[in-house]
Amino acid sequence: MKRNMKQAKSGRMLPSFLALLLGSGLAFNAQANTSTLKVCAASDEMPYSNKQQEGFENQLAKILADTMDRELEFVWSDKAAIFLVTEKLLKNQCDVVMGVDKGDPRVATSDPYYKSGYAFIYPADKGLDIKNWQSPALKDMSKFAIVPGSPSEVMLREIDKYEGNFNYTMSLIGFKSRRNQYVRYAPDLLVSEVVSGKADIAHIWAPEAARYVKSASVPLKMVVSEEIAPTHDGEGVRQQFEQAIAVRSDDQELLKEINTALHKADPKIKAVLKDEGIPLL
């Protein structure tokens, strides 16, 4: 609809022709656009989303659309979710992307609908008491299941465990080269490494681990890291993040509508997240 309005301002259309368009097909399209919420989502990136709509973000999208009284339409991508903003939303192929960091500078973000953090995951029967990266028990560990490039890697370097853990980290993706490509460290695999004892501990984004911690064959503890983990340079590393919904920066009316819906649907949203086992802050 915005594209059509630009054409109208260009003065290239005769008024009578424009009126004819507005009176027929275009008017219908405008109505359809505002009655549907197009959500870009990954077709296979659990526990967030898949085409069978089994991810917790699929459930949240349904709640959002229902609360906005719109029809929900998923726009699927076979690529990882990290590409949804640049390759889908900003190319006008959908209206929103779920689960971005609050304040993402590429887009306009909604009010946060939950906050969580990176978490330590370890066997509950080991008698361990790990609360943060300063916990003494970490010094006796050698296998850390983490995702390279995350806050976990930075902190692993801080406690001088990165180099000794490097080969193990690469083994988790079959020693694939990361050059010029995105390689996902599957969260179910990382959790299973702790269950099997191949890893002493995992430290990953709690929302993507929660489902697998909850269904693990042995009891696991999941302890969320402190908001800012201290580092030697004094800057610290953020471990907790607010999650929001992304829209294009010029879609302010839609953003207002989403914020209203999020507040109205908050009990239902929180119920889904708690059922998933996500620690909420």
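See above for the structure.
To keep things clear, this report deals only with the structure shown in the data block. In this text the structure is predicted, and so the values were computed from the model without any measurement.

1. With respect to the packing of helix H10 (residues 252-264) against helix H11 (residues 266-276)
Two quantities define a packed helix pair, namely the angle between the axes and the distance from one axis to the other. Between H10 and H11, whose axes approach to 5 Å, the crossing angle comes to 70°. Comparing the axis directions of H10 and H11 gives the class roughly perpendicular. Note on element contacts: H11 touches H10 through Asp-266, Pro-267 and Ile-269, opposite Leu-262, His-263 and Lys-264. The class makeup of the residues in the contact of H10 with H11 is three nonpolar, one polar and two charged.

2. Examining unusual backbone geometry
Note that the residue after Met-46, namely Pro-47, is joined by a cis bond; omega there is 10°. Relative to the helices and strands, Pro-47 is located in the loop between strand E2 (44-45) and strand E3 (49-50). Unlike most non-glycine residues, Gln-53 shows phi in positive territory, near 60°. The residue Gln-53 is located in the loop between E3 and helix H4 (56-67) in this model. Assessed through its relative accessible area of 30%, Gln-53 is described here as partly exposed.

3. Details of the state of the cysteines
Within the structure shown, the criterion is met by one disulfide. Here Cys-40 connects covalently by a disulfide to Cys-94, the sulfurs 2.2 Å from one another. What sets the handedness of the Cys-40 and Cys-94 disulfide is the S-S torsion sign, and at about -115° it is left-handed. Residue Cys-40 is found in strand E1 (residues 36-42), and its partner Cys-94 is found in the loop between helix H5 (84-87) and strand E5 (96-101); the two are separated by 54 residues along the sequence.

4. Focus: the environment of Glu-158
Within the fold, Glu-158 resides in helix H6 (residues 151-158). Spatially, the C-alpha atom of Glu-158 lies 9.9 Å from that of Gln-134, the residues being 24 residues apart in sequence. Not counting residues within four places of it along the chain, the set of residues in contact with Glu-158 comprises Pro-230, Thr-231 and His-232.

5. Here we look at the nonpolar core
One finds Leu-60, Leu-64 and Ile-258 to be the most contacted residues of the largest nonpolar core, which totals 32 residues. Those elements that provide at least two residues to this core are E1, H4, E5, strand E7 (114-123), strand E13 (240-247), H10 and H11. Ranked by residue count, the leading element in this core is H4, at six residues. Those residues in contact with Ile-258, other than ones at most four positions away along the chain, are Leu-64, Met-68, Val-96, Ser-110, Ile-245 and Val-247. Core analysis: the next-biggest nonpolar cluster, separate from the first, contains 19 residues, Ile-173, Val-183, Leu-190 and Val-194 among them.

6. Focus: helix H7 (residues 162-171)
Those residues of H7 that fall on the buried side of the exposure criterion are Tyr-162, Asn-165, Tyr-168, Thr-169 and Met-170. The inward-facing, buried residues of H7 contact strand E8 (144-145), H6 and helix H8 (187-196).

7. With respect to the packing of aromatic side chains
A complete count under the given rule lists nine aromatic pairs for this structure. Among the aromatic residues, those joined into a cluster by ring pairs are Tyr-118, Trp-205 and Phe-241. If you follow Lys-79 out to its NZ or CZ, it ends over the ring of Phe-83, 5.9 Å from the centre. Geometry around Tyr-162 places Arg-157 over its ring, the cationic atom sitting 3.7 Å from the centre.

8. Brief notes about the pattern of salt bridges
Scanning all chains against the criterion turns up 13 salt bridges. Across the salt bridge formed by Glu-87 and Lys-79, the nearest N and O atoms sit 2.9 Å from each other. Given the relative accessible area of 27%, Glu-87 is considered partly exposed. Residue Lys-79 is classed as partly exposed on the basis of its relative accessible area, which comes to 44%. For the salt bridge of Lys-131 with Asp-129, the shortest nitrogen-to-oxygen distance reads 2.6 Å. For Lys-131, a relative accessible area of 49% gives the class partly exposed.

9. Examining the environment of Ala-209
Here Ala-209 is to be found in helix H9 (residues 206-214). Taking relative accessible area as the criterion, Ala-209 reaches 0% and is therefore assigned buried. In this structure the C-alpha to C-alpha distance between Ala-209 and Pro-47, which are 162 residues apart in sequence, comes to 8.1 Å. Filtering out sequence-adjacent residues up to four positions away, Ala-209 remains in contact with Ile-121, Val-191 and Ile-204.

Calculation criteria
Residues numbered from 1 in each chain as written. Predicted model: local features only at pLDDT ≥ 70, side-chain atom pairs only at ≥ 80, totals over all residues. Heavy atoms only, no water. Axes fitted to C-alpha atoms, helices over the stretch in contact; angles between N-to-C directions. Helix = DSSP H or I, 4+ residues; strand = E, 2+ residues; numbered from the N terminus. Parallel < 35°, antiparallel > 145°, perpendicular 65-115°, else oblique. Contact = heavy atoms within 4.5 Å. Nonpolar A, V, L, I, M, F, W, Y, C, P; charged D, E, K, R; others polar. Buried < 20%, exposed > 50% of the residue type's maximum accessible area, 1.4 Å probe, protein only. Disulfide = S-S within 2.5 Å. Core = buried A, V, L, I, M, F, W, Y, C linked by side-chain atoms within 4.5 Å. Phe/Tyr/Trp six-rings, centres within 6.5 Å; stacked < 30°, edge-to-face > 60°. Lys NZ or Arg CZ within 6 Å of the ring centre and 35° of its normal. Salt bridge = Lys/Arg side-chain N within 4 Å of Asp/Glu carboxyl O.

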